[in-house]
Amino acid sequence: MSTSSRKMEHLKICAEKQVEATTETEHRQSGFDDIHLVHQALPEISKREIDTSTRFFDKNFAAPIMIASMTGGHSATLKVNENLALAASELGIGIGVGSQRAALENKDEEASFRIVRDVAPDLFIHANIGACQLKEYGVKGALKAVEMIDADALAIHLNFLQEAIQPEGETNATGCLSIIHRVCNELSVPVIAKETGAGISRETAGALVDAGVSAIDVGGMGGTSWAGVEVYRAKARGDQLCERLGELFWNWGIPTAASIIECRGHVPVIATGGIRNGVDILKSLALGASLTGLALPLVKPAMESKKEVVKVLQEIIEELKTAMFLTGCANINDAKTLPFVTTGSLHEWLQGRNDNIKRYKIKKEENETIKTE
Ligand SMILES: Cc1cc2nc3c(=O)[nH]c(=O)nc-3n(C[C@H](O)[C@H](O)[C@H](O)COP(=O)(O)O)c2cc1C
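The text that follows walks through the structure, step by step, so that each part is easy to find.

Rules behind the numbers
- Residues numbered from 1 in each chain as written.
- Predicted model: local features only at pLDDT ≥ 70, side-chain atom pairs only at ≥ 80, totals over all residues.
- Heavy atoms only, no water.
- Near = heavy atom within 4 Å.
- Polar contact = N/O pair within 3.5 Å; in protein donor to acceptor, adjacent residues only side chain to side chain.
- Areas by Shrake-Rupley, 256 points an atom, 1.4 Å probe, with all protein chains shown as cover.
- Helix = DSSP H or I, 4+ residues; strand = E, 2+ residues; numbered from the N terminus.
- 1 Å grid on protein atoms, 1.4 Å probe; cavity = no way out; pocket = protein on both sides within 12 Å on 5 of 7 lines; lining within 4 Å.
- Points joined across faces, edges and corners; volume = space filled by probe spheres on them.
- Nonpolar A, V, L, I, M, F, W, Y, C, P; charged D, E, K, R; others polar.
- Phe/Tyr/Trp six-rings, centres within 6.5 Å; stacked < 30°, edge-to-face > 60°.
- Buried < 20%, exposed > 50% of the residue type's maximum accessible area, 1.4 Å probe, protein only.
- Core = buried A, V, L, I, M, F, W, Y, C linked by side-chain atoms within 4.5 Å.
- Contact = heavy atoms within 4.5 Å.
- Pairing = 2+ DSSP bridges.
- Axes fitted to C-alpha atoms, helices over the stretch in contact; angles between N-to-C directions.

Next up on the list: the site of the ligand. Taken together, 25 residues are adjacent to the ligand, and K7, S69, S99, T224 and R276 come closest. Side-chain polar atom of N128 to an oxygen atom of the ligand: 2.9 Å apart, as the coordinates give it. Backbone polar atom of A295 to an oxygen atom of the ligand: 2.9 Å apart, as the coordinates give it. Out of a free accessible area of 600 Å², the ligand has 98% covered by protein chains.

Right under this line is the structure:
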């Protein structure tokens, strides 16, 4: 199956089926329900004056939100990308395009990506290419992806969970780090290392930072499950082995909240994977993320119209403002120093990984000392 048709199949499955990482009782796996922000009965700020704006890689964002990488690479995805980019532009937030592999394979597919820059000339937009494809297309391919959409940054996605479950998947992961290192050295725009739903560990984050990445998008477990998506594709072609693998690894990975904590402290962190409301966003910031990203909640709206995408995101921004109000946060800098309590399996994860809130606070103070020096 061509890359282009596979992208269409993914979009259709995500729009129509249950593809999220949840337990049978629908308990969310992202870890956000195990984080509790502390309510302030006397916030002493005016909700109307709350400022959600922030800066990331020298670009202004009206809210700490990105539309996460999703699509492009098929003529039918042009309208979807146009709706997403128009919505991002109206709201003043950023957007990442989907994997540009299809356009590197076939020039005719470039238009479905270029539309994003055409309708949003001033927006923060990142390009997207898989680590495996980089091995094939090299630094030249990375440069081409960036130039195709005049991107402000390049996201290199790591999706070995999905690759391991789809029959056409690339499971030779050797040499990725060295090509990432070369791309970071030779590209003039910053590089973001991005998982797609299984999270990034402290060990991997360290290797990526050493390789020169400028930010990490944790793409944690708890939102779209690519193993889950592959279950539907496997069922449709009667492939019992891939179906079984997909079922087993449906909830595989590092919960998004835990992955933020694993990765923070070196380069800016973007939290994607199961961000579903404004409270999740505020929790991500409190944990150490600089930005958050959403994909799945925008799939169906983007297939309809720009207006539907704007509606979903406006609701989320209103939720964020409400949570900021109730915790006494006047702006995004305040959000980054909010106190929180961890419970349940997230707490156990942190203990198991030898991390805890006390150490986090010390780390944060160290960072602030570094910043003020
Ligand atoms: C339909 C769809 C297509 C996606 N395609 C890509 C892609 O091409 N490249 C990529 O890096 N991530 C891709 N992702 C992953 C998202 O960017 C995001 O990391 C992941 O879905 C977790 O966020 P969510 O739980 O809000 O969906 C895609 C997600 C969806 C839903």
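And the narrative resumes.
In this structure, E44 takes a positive phi of about 55° despite not being glycine. Position of E44 relative to the elements: it lies in the loop between β1 (35–37) and β2 (54–56). Even without being glycine, D150 reaches a positive phi, approximately 50°. Position of D150 among the secondary structure elements: in the loop between α5 (131–148) and β7 (153–158).

We now examine the layout of surface pockets. Its volume calculated, the second largest pocket comes out at about 290 Å³. Residue lining of the second largest pocket: 16 residues in total, with L158, F160, E195, T204 and L208 positioned closest to the centre. When its residues are assigned to classes, the lining of the second largest pocket shows 12 nonpolar, 3 polar and 1 charged.

Empty space among the atoms becomes apparent when a probe as large as a water molecule is rolled across them. Under the definition given, this model contains 2 cavities of 30 Å³ or more. Estimated volume of the largest cavity: approximately 650 Å³. As for the largest cavity, its lining consists of 38 residues, of which K7, S69, M70, T196 and W226 are closest to the centre. Elements supplying a minimum of two residues to the lining of the largest cavity: α1 (3–16), α6 (160–165) and β11 (291–294). Here the residues of the lining of the largest cavity are counted per class, giving 10 nonpolar, 22 polar and 6 charged. The wall of the second largest cavity is formed by N159, L161, Q162, E195, T196, G197, A198, T224, S225 and W226.

A separate point is the packing of aromatic side chains. Using the criterion set out here, one finds 7 aromatic pairs in the structure. Judged by centre distance (4.4 Å) and plane angle (40°), the ring pair of F56 and F57 falls under tilted. Under the relative-accessibility criterion, F56 is labelled buried at 3%. Residue F57 is classed as partly exposed on the basis of its relative accessible area of 26%. Measuring from centroid to centroid gives 6.3 Å for F56 and F61, while their planes differ by 90°, and the two rings are edge-to-face. Judged on exposure class, the residue F56 and its partner F61 are both buried.

This paragraph deals with the nonpolar core. One finds I67, L154 and V183 to be the most contacted residues of the largest nonpolar core, which totals 102 residues. Looking at which element gives the most residues to this core, the answer is helix α14 (residues 306–326), with 9 residues. In contact with L154, other than residues within four places in its own chain, are A127, N128, I129, A142, A145, V146, V183, L187, V189, P190, V191 and I192. Counting residues in hydrophobic clusters, the runner-up holds 10 residues, among them F56, M66, A153 and L291.

Our focus in this paragraph is the pairing of strand β8 (residues 191–195). Of all 5 residues in β8, 5 are buried, a share of seventy percent or more. Residue alternation in β8 divides its side chains into two sets, V191, A193 and E195 and I192 and K194, and both sets are buried. The pairing of β7 with β8 spans 5 bridges and is classified as parallel. Opposite L154, over in β8, you have V191 as the bridge partner. When β8 meets strand β9 (residues 215–217), the two strands line up parallel, connected through 3 bridges.

Here the focus is the sheet that holds strand β6 (residues 125–130). In spatial order, the strands read β4-β5-β6-β7-β8-β9-β10-β11; together these 8 strands close into a barrel with parallel pairing. Looking at each pair of strands side by side, their axes are set apart by 25° on average, direction ignored. Bridge analysis of strand β4 (residues 65–67) against strand β5 (residues 94–96) gives 2 bridges, and the strand direction is parallel. Within β5, the position partnered with I67 by the bridge is I95.

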